[in-house]
Amino acid sequence: MPEKFLKPFDPSATEGRIYAEWEKSGYFNPDNLPEGSNKQPFTIMMPPPNATGVLHMGHALGLTIQDILIRYKRMCGFATLWLPGTDHAAIATQSKVEKEISKKEGKSRHDLGRDELLKRIDAFVAESRSTIEKQIRVLGASCDWSREAFTLDDTRNRAVNTLFKHMYDAGLIYRGNRIVNWDPKGQTTISDDEIVYEERPAKLYTFRYSKDFPIPIATTRPETKVGDVAVAVHPDDARYQSYVGKEFDAVFCDVPIHIKIVADKEVDPAFGTGAVGLTPAHSHIDWDIAERHALTHEVMVINEYAKMTVSGCLEGKKTTDAREIVVEWLTNEGLLEKTKDIQQNVATAERTGGVIEPLPKLQWFVEVNKEILGRNKTLKEMMLDPVRSGSIAMMPEHFEKTYVHWIENLRDWCISRQIWYGHRVPVWYKGEEIVVGAAPADEGWTQDEDTLDTWFSSGSWTFSTLGWPDNTADLERFHPTDVLVTAYELIFFWIARMILMTEFALNTIPFRTVYFTGIIRDAKGQKFSKSLGNGADPIDIVEKFGADAARMTLVVGNTPGTDMRLSDDKIKGYKHFANKLWNIARFVLANANEEKNGNKTWPSGPERDHLSPREHELLTECDALTQDVTKDLEEYRIYLAADKLYHYAWHELADKILEESKPILSGSDAPAKASRQALLLTLFDRTLRLLHPFMPFVTEEIYQSMPTRDSEFLMIAKWPE
RNA sequence: GCGCUCUUAGCUCAGUUGGUUAGAGCGUACGCUUCACACGCGUAAGGUCGGAGGUUCGAAUCCUCCAGAGCGCACCA
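All values derive from a computational prediction rather than experimental measurement. (Residues numbered from 1 in each chain as written. Chains lettered and ligands numbered in written order. Predicted model: local features only at pLDDT ≥ 70, side-chain atom pairs only at ≥ 80, totals over all residues. Heavy atoms only, no water.)

Focus on the packing of helix α19 (residues 638–666) against helix α20 (residues 670–691)
Convention followed: To get an axis, a line is fitted to the C-alpha atoms, and for a helix only the part in contact is used. The angle between two axes follows their N-to-C directions and goes from 0 to 180 degrees. Note on conventions: DSSP H or I runs of at least 4 residues are helices, E runs of at least 2 residues are strands, and numbering of each starts at the N terminus. Roughly parallel means an angle under 35 degrees; roughly antiparallel means over 145; roughly perpendicular covers 65 to 115; every other angle is labelled oblique. We call a crossing left-handed when the near helix sits turned anticlockwise from the far one by less than a right angle, and right-handed when that turn is clockwise. Should any heavy atoms of two residues lie within 4.5 Å, those residues are counted as being in contact. Gly is placed with the polar residues, together with every amino acid not listed as nonpolar (Ala, Val, Leu, Ile, Met, Phe, Trp, Tyr, Cys and Pro) or charged (Asp, Glu, Lys and Arg).
For the pair α19 and α20, the least separation of the axes is 11 Å and the interaxial angle reads 165°. Viewed along their axes, α19 and α20 adopt a mutual orientation that is roughly antiparallel. Remark: the crossing between α19 and α20 carries left-handed chirality. Mapping the contact onto sequence places L645, Y648, A649, L653, I657, L658, E660, S661, I664 and L665 in α19 and A672, K673, R676, Q677, L680, L683, F684, T687, L690 and L691 in α20. Classifying every residue of the contact of α19 with α20 gives 14 nonpolar, three polar and three charged.

Written out as structure tokens, the structure is:
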């Protein structure tokens, strides 16, 4: 028996070495797998972590699930491709680098200029990516590094530009002046999904535009009222019916306004006074109502810096200051009727925290409700159909309902961003002329200044990673992918967009199954976050307890889509389990052989015919477990499979079988002893194989010393049947 | 407002889509330096499965209602 078994299992002395051997073997790459397997492909695209920093425990969970599936399928003889990558995460990355530069050098991006800022970001991203790659390795991920992709590299850029052009040619991408979510802090538009609503106390003011204006209006934003063009009331509201269609003029806080009374069923007669002052340029619903009644749309009174643009006493004031001025003016004029404290949901930008200012802007959009020529479907339908028909299954299933509900309410997707880092909008202008796709050869063209929403490129991840738009062998072989493992928070951002892009570009699904992971929380149930100071770096945990322990902790009993609490005690428990396996190995290796003149002979078999009834029972039990675990893995019940194996190894194999074998092994009945030795080897070998996807390091390390070893690595050993 | 989920032992959670005395980990109590392992071994305490009805031979599991917790989307003019 190798001497290492005389000491407790030491993950830190083992894992790095084993990973290096695996990587060197080339077996992470499906092209290098040994002959003899059926070579049917099994593909997972790794969700590319943001290149903004380091991985957290949520990533560790996702990577573990994926690695379990990949290792399991590899052992089953599949040509397993797990393709790793990182995401440039446009806004997140740029704002992070900008923050750092501003802190260290006191400079803004405008001080540096576009080229210099991009250089700085590239340097930051290069470093960040190498950290992330290191972390992925430490966790034991058996992904194919030779195919590693980045969402902003040349291949992916070509995919994005091609996709943009195809969608533009199909009439699905248009440029329009529409009301968008403007983030004054980040100085960019953001999509509806990047908005976070924060509940804040606010004041609801009830007032009239002027003394002779017949209807009182309620608003939380008096400063926007200088941009009002109409008042909307519910058509059935008896109080106001006689005014519908009438028009009024007033001078509101130095600003002349013209107000028409319109009737629209969108208005809730029970809220406020039952009458809405319409500010089409600075409110989404007002914009929609104004559109329905052919009212003026684009009278902006607030600019990109959230400052007032009207002349008079409000000119150049910040909206918050302007609000006070207007309220004071209303009070002095005797127009303010009531002030009420309310709770209000304020739209803020996810990344910057800035309060969203709706503004009309000339932007690029993806139209989701337009029927596509030759396909007889809208993008919305393309997103819905595969999920409704079951060609894409979600785990847990109830997320399918959430998904469908969201898509049904989907609006056009604003894809242009006023930031510099990312795929630049592939459109060139020269006077009235416009070229989409690739840069024109002749002189005098200017490229659109904007970049694309980062999810536009992420949406093509399952096929851009395989070389699309070229018709590559990889694309042919590995797409559609089998399963996508991601946090449920990304169901709309990413899953929906991948389905959209893939259906549009390839007329097929991106993946057959979506496995949603929950959020990993600390022992108190709080989310891990830097501001709370409870951050748990997977690397620290691996150093302390080993990757196998970290992986088991994240997986056992952790059902898909459910949040999980993590504590050191839990991880410690699975570190002990790794050591338990180590000790079982010590016992088995020491007792399951005969030694003559220093030479060991291992029993062969076991021969089923010669087993005692009890041994036969034990083997049958193990067969049942094997089938059970296999079925669980096939049906993505990883949490159960892990639990069962833990239980079997510790409380069945160690506690019962090893114990009851002791008298036989030390007894004098030679045939009984040989039979038992063979059985122990078989059962333990089986356990190692079944556990390998979950705890790859300790099982591989033991396997290397097992007399039952029949392949170079346990990683490519045969999955038991 | 629309939609979704959860409520099981002190704590954190399973319970494989109705089937024998409801499970695990941690914790607790007691006892063990037993020659694989103290990163261990053994034993024990602890649950009317949120509540009320219903379907069924049979319900933690399916249906209805109620109570509490959480989440998503939309919106609050």
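Having seen the model, we can carry on.
So, the nonpolar core
We count it as follows: Residue types Ala, Val, Leu, Ile, Met, Phe, Trp, Tyr and Cys, when buried and joined through side-chain atoms within 4.5 Å, form a set referred to as a nonpolar core. Classification of residues uses two cut-offs on accessible area relative to the type maximum, computed with a 1.4 Å probe and protein chains only: under 20% is buried, over 50% is exposed, and between them is partly exposed.
Formed by 102 residues in total, the largest nonpolar core has its most connected members in M552, F577, F694 and I702. Tallying contributions element by element places α19 first for this core, with 13 residues. Setting aside its immediate chain neighbours within four residues, F577 contacts M552, L645, Y646, A649, W650, L691 and M695. Counting 58 residues, the second-largest nonpolar core is a separate cluster that includes V160, F164, I392 and Y403.

A short note on the sheet that holds strand β12 (residues 275–278)
Inclusion rule: For two strands to count as paired, DSSP must find a minimum of two bridges between them.
With mixed pairing, the four strands of this open sheet are ordered in space as β10-β11-β9-β12. Either end of the sheet is taken by a strand with one partner, and the two such strands are β10 (247–252) and β12. Neighbouring strand axes in the sheet, compared pairwise and without regard to direction, differ in orientation by 30° on average. Sheet topology note: the β10/strand β11 (residues 255–263) ladder contains six bridges and is antiparallel. Bridged to D249 within β11 is H258.

Some details on the sheet that holds strand β20 (residues 446–447)
Ordered by their spatial adjacency, three strands build an open sheet running β19-β18-β20, and the pairing between neighbours is antiparallel. Edge positions in the sheet fall to β19 (433–436) and β20, since each of these pairs with one other strand and no more. Sheet topology places strand β18 (residues 427–430) next to β20; two bridges connect them, and they run antiparallel. Paired with Y429 across the two strands is T446, which belongs to β20.

Side note on the protein's contact with RNA strand B
Counted only if it meets this: A cutoff of 4 Å decides nearness: a residue is near a molecule or strand if any of its heavy atoms lies inside that distance of it. Whenever a nitrogen or oxygen atom comes within 3.5 Å of another N or O atom, the pair is scored as a polar contact, on the condition that within protein one atom can donate a hydrogen and the other can accept it, and that pairs from neighbouring residues in sequence are kept only if both atoms are in side chains.
Taken together, the neighbourhood of RNA strand B is formed by 46 residues, with D268, F271, I285, N345 and W650 sitting nearest. Counting only the atoms of RNA strand B that lie within 4 Å of the protein, the sugar and phosphate share comes to 64%. Here a sugar or linking oxygen of RNA strand B and a side-chain polar atom of H405 are 3.3 Å apart. Contact between RNA strand B and W650: a phosphate oxygen at 2.6 Å from a side-chain N or O atom of the residue. For the surface near RNA strand B, the elements supplying multiple residues, two or more each, are β8 (217–219), β12, β13 (336–349), α10 (399–408), α17 (568–591) and α19.

Side note on the packing of aromatic side chains
Note the threshold: Between rings of Phe, Tyr and Trp, where Trp is taken as its six-membered ring, a pair exists when centres lie within 6.5 Å; planes separated by under 30 degrees are stacked, by over 60 edge-to-face, and by other angles tilted. The criterion for a charge sitting over a ring is simple: Lys NZ or Arg CZ within 6 Å of the ring centre, and within 35 degrees of the ring normal.
By the definition in use, this model includes 29 aromatic pairs. Ring plane angle 75° and centroid distance 6.4 Å describe the contact between F42 and F78, whose orientation is recorded as edge-to-face. Here the residue F42 occupies a position in strand β1 (residues 41–45), and F78 occupies one in the loop between α2 (57–75) and β2 (79–83), the gap between them amounting to 36 residues. When its relative accessible area of 4% is taken as the criterion, F42 is described as buried. Overall, F78 belongs to the buried group, its relative accessible area being 15%. The rings of F207, Y209, F213, F248, F252 and W329 are connected pair by pair, giving a single aromatic cluster. Stacked on the ring of F78, the Lys or Arg K73 has its end atom at 4.4 Å from the ring centre. When the ring centre of W413 is taken as origin, the NZ or CZ atom of R497, which lies over that ring, is 4.2 Å away.

Things to note about helix α15 (residues 538–545)
For clarity, the cut-off: The arc in question is traced by the directions running from the helix axis to the C-beta atoms.
Among all positions in α15, only P538, I541, V542 and F545 are buried. Considered in projection along α15, the buried side chains sweep an arc of 100° and stay on one side of the axis. Opposite the packed face of α15, turned more than 90 degrees from it, sit the exposed residues E543 and K544. If you follow the buried residues of α15, they end up packed against α1 (11–25), α2, α5 (114–138), α16 (547–555) and α17. Two or three places before I539, at the start of α15, stands the capping residue D537, its side-chain oxygen 2.9 Å from that residue's backbone nitrogen. Positive phi shows up at G546, right after α15, with a value of about 95°.

A word on the environment of F456
Along the chain, the position of F456 falls in helix α11 (residues 454–458). Sequence separation between F456 and Y421 is 35 residues, and the spatial gap between their C-alpha atoms is 14 Å. In this view, F456 contacts V160, L163, F164, M167, I173, V366, W413, I415 and M501; residues no more than four positions away in its chain are not counted.

Digging into the confidence of the model for chain A
Put simply, the rule is: Confidence of the predictor at the level of single residues is given by pLDDT, which spans 0 to 100.
When pLDDT is averaged along chain A, the result is 92, and 98% of the positions lie at 70 or above. The ipTM value of the predicted complex is 0.94, and its pTM value is 0.94.

A short note on the pattern of salt bridges
The criterion, for reference: Salt bridges, as used here, are contacts in which a Lys or Arg side-chain nitrogen is within 4 Å of a carboxyl oxygen on Asp or Glu.
Under the criterion given, the structure shown has 59 salt bridges. R411 is the salt-bridge partner of D192, the closest N and O atoms lying 3.3 Å from each other. Of this pair, D192 sits in the loop between β6 (188–190) and β7 (195–207) while R411 sits in the loop between α10 and β16 (413–414), and the two are 219 residues apart along the sequence. The class for D192 is partly exposed, based on a relative accessible area of 35%. A salt bridge links R424 to E449, with the nearest nitrogen and oxygen atoms 3.5 Å apart. On the criterion of sequence distance, the pair formed by R424 in the loop between β17 (416–417) and β18 and E449 in the loop between β20 and β21 (451–452) is long-range, its members being 25 residues apart. By relative accessible area, which is 26% here, R424 ends up partly exposed. In the salt-bridge network here, residues are joined through shared partners; they are D31, D144, R147, D474 and R477.

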